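Here is how the chains run, residue by residue.
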Amino acid sequence: MPHPETWLKVLPSGLFCEPGGFFIDPLRPVDRAIITHGHSDHARPGHRAVLATAETLAVMRARMGADRAGDAQQALGWHEPIRLGDVRVWLSPAGHVLGSAQVAMEYQGARAVVSGDYKRVADPTCAGFEPVPCDVFVTEATFALPVFVHPPPDQEIGRLLDSVALFPQRTHVVGCYALGKAQRLIALLRQAGWDKPIWLHGALASMCEVYRQCGVELGDLRPATVAAKAALVGAIVLAPPGAIADRWARRLEDPVVALASGWMRVRQRARSRGVELPLVISDHADWNELNATLDEVAAPEVWVTHGREEALIHAAAQRGIRGRALRLLGYGDEEETEPMEAA
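Residues numbered from 1 in each chain as written. Predicted model: local features only at pLDDT ≥ 70, side-chain atom pairs only at ≥ 80, totals over all residues. Heavy atoms only, no water.

## What about the overall build of the protein chain?
Part 1 of the argument: Counting its regular elements, the protein chain contains nine helices and 19 strands.
Part 2 of the argument: Scaling as 2.2 N^0.38, a compact globule of 343 residues should have a C-alpha radius of gyration of about 20 Å, and the protein chain matches this with 20 Å.
Part 3 of the argument: In terms of overall dimensions, the protein chain has a C-alpha envelope of 65 × 45 × 30 Å along the principal axes.
Part 4 of the argument: Sorting the 343 residues of the protein chain into buried and exposed places 56% on the buried side.
Part 5 of the argument: For the protein chain, the accessible area works out to roughly 13,400 Å², and carbon and sulfur atoms hold 52% of it.
Part 6 of the argument: Averaging the locations of the 35 positively and 41 negatively charged side chains of the protein chain gives two centres separated by 4 Å. (Helix = DSSP H or I, 4+ residues; strand = E, 2+ residues; numbered from the N terminus. Rg over C-alpha atoms; globule rule 2.2 N^0.38 Å. Buried < 20%, exposed > 50% of the residue type's maximum accessible area, 1.4 Å probe, protein only. Areas by Shrake-Rupley, 256 points an atom, 1.4 Å probe, with all protein chains shown as cover. Lys, Arg positive; Asp, Glu negative; His and termini not counted. Charge placed at Lys NZ, Arg CZ, Asp CG, Glu CD.)

Okay, here's the thing in C-alpha cells:
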C-alpha cells in the first residue's frame, strides 16, 4: 500500500494528486482542479476543468463569471464516487460555508482526506462536517492555539440582540464577509426570533441571492445603501469588514460597530479596528474542535496546510499522531482576502 506522501505532492501550483492528475484548491490555473469551497483563496479563476459541489460551482460562477469558473465544470454530490485516473474520489461535507467539501481519495488501498476549511458547530446554512476515517488527514489550522475556544454562536447572537434592545436609537452595523458569515448571521438571527428586515451593504447582496437559489431561506433582506437614515434606527445592518469603519458606516445613525469573527477573541484586534461590540463567531474549527477531529478521523498521520501548524502538530504528537507542516502559501483568513464586490 503506497503511502500518500508518494502520490500527494506539494508543487508550486498547490497540492497535486499525481495518479489522479488533479490539484486540490490550486493557487494558479491548472488543467484539472477540485475546489473545496468558494472563498477566493481556495477558488481561483482560469482552470480548464473544475470539479466541486453544485453549490460551490454556483458560488464560483456568481463571483467570477461563468467563463472564468472553469472551462468545463462538473458537479459532484455528497459521497458520490468518481474515478480520476487511478484514484477513487468523493466529497464529504466540511461545514464551513455553503457547498464546502472535504476531498476524500483512495489509491491502491491508501486513503487521504483533504479537509479544506471546516467548522464543527451546526450551521443552518450548510451541511455539517462529517469525519472520514483515513490514513492521512490534511487539515487547516487557522485557530490552532489553545487560546482560541469559540463560545456558542447563539450566545454571541444574544449579545448582539441585547445591545440592540439596550440602544434602540442606534444602528448596529456588523462586519462579516460576503460568503458564509453574512448568511449564517442572518439565519442565526432568524432562529433567535429577529423577524424584522435585515439591511445589507451592496457587497453582500449577490451572495445572499445565491444562497436563496440553493434553497437557503433568509427572510426579509433590504439594501442599506439606498435606505433613509431614519429607517435604520434600531436596525441591524450587515456590511463587509472593510466598510464598518469608513465613510459608508458613518452615514448610519450613531452606529454601534460590531465585527463577527473568531479573531474577535483577541482584544487588540477589536480595538485596532474600532469595534465596539466584538462577536466571536467563526466559520473555522477552534482548538478543541481541531483536536477532536484528529481523534475522530483516527488518521495515524496529519498534514497541516495553513495556520498555526506547530501547535497542532505538537498536540497531535502527544497522542501518537505523526505531523507534517505542508507550508502551502497563498491561503488565509477570508476577512483579509475576500474582495468587496460592490459599493
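Resuming the write-up.
## Brief notes about the sheet that holds strand S17 (residues 277-279)
Part 1 of the argument: Taking strand neighbours across the sheet as the criterion, the six strands line up as S14-S13-S15-S12-S16-S17 in an open arrangement whose pairing is parallel. Only two strands of the sheet have a single partner each, and these edge strands are strand S14 (221-223) and S17. Neighbouring strand axes in the sheet, compared pairwise and without regard to direction, differ in orientation by 30 degrees on average.
Part 2 of the argument: Sheet analysis places strand S16 (residues 256-260) next to S17, joined by three bridges and oriented parallel. (Pairing = 2+ DSSP bridges. Axes fitted to C-alpha atoms, helices over the stretch in contact; angles between N-to-C directions.)

## Points about the packing of helix H2 (residues 153-166) against helix H3 (residues 181-191)
Part 1 of the argument: It is the contact of H2 with H3, at a shortest axis distance of 10 Å, that shows an interaxial angle of 75 degrees. When the axis of H2 is compared with that of H3, the two are roughly perpendicular. Only Arg184, Leu185, Leu188 and Leu189 of H3 make contact with H2, whose side of the interface consists of Pro153, Ile157, Leu160 and Leu161.
Part 2 of the argument: Residue composition of the contact of H2 with H3, grouped by class: seven nonpolar, no polar and one charged. (Parallel < 35°, antiparallel > 145°, perpendicular 65-115°, else oblique. Contact = heavy atoms within 4.5 Å. Nonpolar A, V, L, I, M, F, W, Y, C, P; charged D, E, K, R; others polar.)

## Overview of the pairing of strand S19 (residues 322-325)
Part 1 of the argument: In this sheet, S19 lies alongside strand S18 (residues 301-307) in parallel orientation, the contact comprising four bridges. When the sheet's bridge partners are listed, Val302 is paired in S19 with Gly323.
Part 2 of the argument: For the crossover that starts at S18, traverses helix H8 (residues 309-317) and ends in the parallel S19, the hand is right-handed. (Right-handed = clockwise from strand over helix to strand, strands pointing away.)

## Focus on the packing of aromatic side chains
Part 1 of the argument: If you walk through the whole model with that rule in mind, you get seven aromatic pairs.
Part 2 of the argument: With a centroid separation of 4.6 Å and 40 degrees between ring planes, the pair formed by Phe16 and Phe23 is classed as tilted.
Part 3 of the argument: In this structure Phe16 comes out as buried when scored by relative accessible area, which is 17%.
Part 4 of the argument: Grouping aromatic residues by their ring pairs yields a cluster made of Tyr118, Phe129 and Phe137.
Part 5 of the argument: The side chain of Arg170 reaches across the aromatic face of Phe167, ending 5.3 Å from its centre. (Phe/Tyr/Trp six-rings, centres within 6.5 Å; stacked < 30°, edge-to-face > 60°. Lys NZ or Arg CZ within 6 Å of the ring centre and 35° of its normal.)

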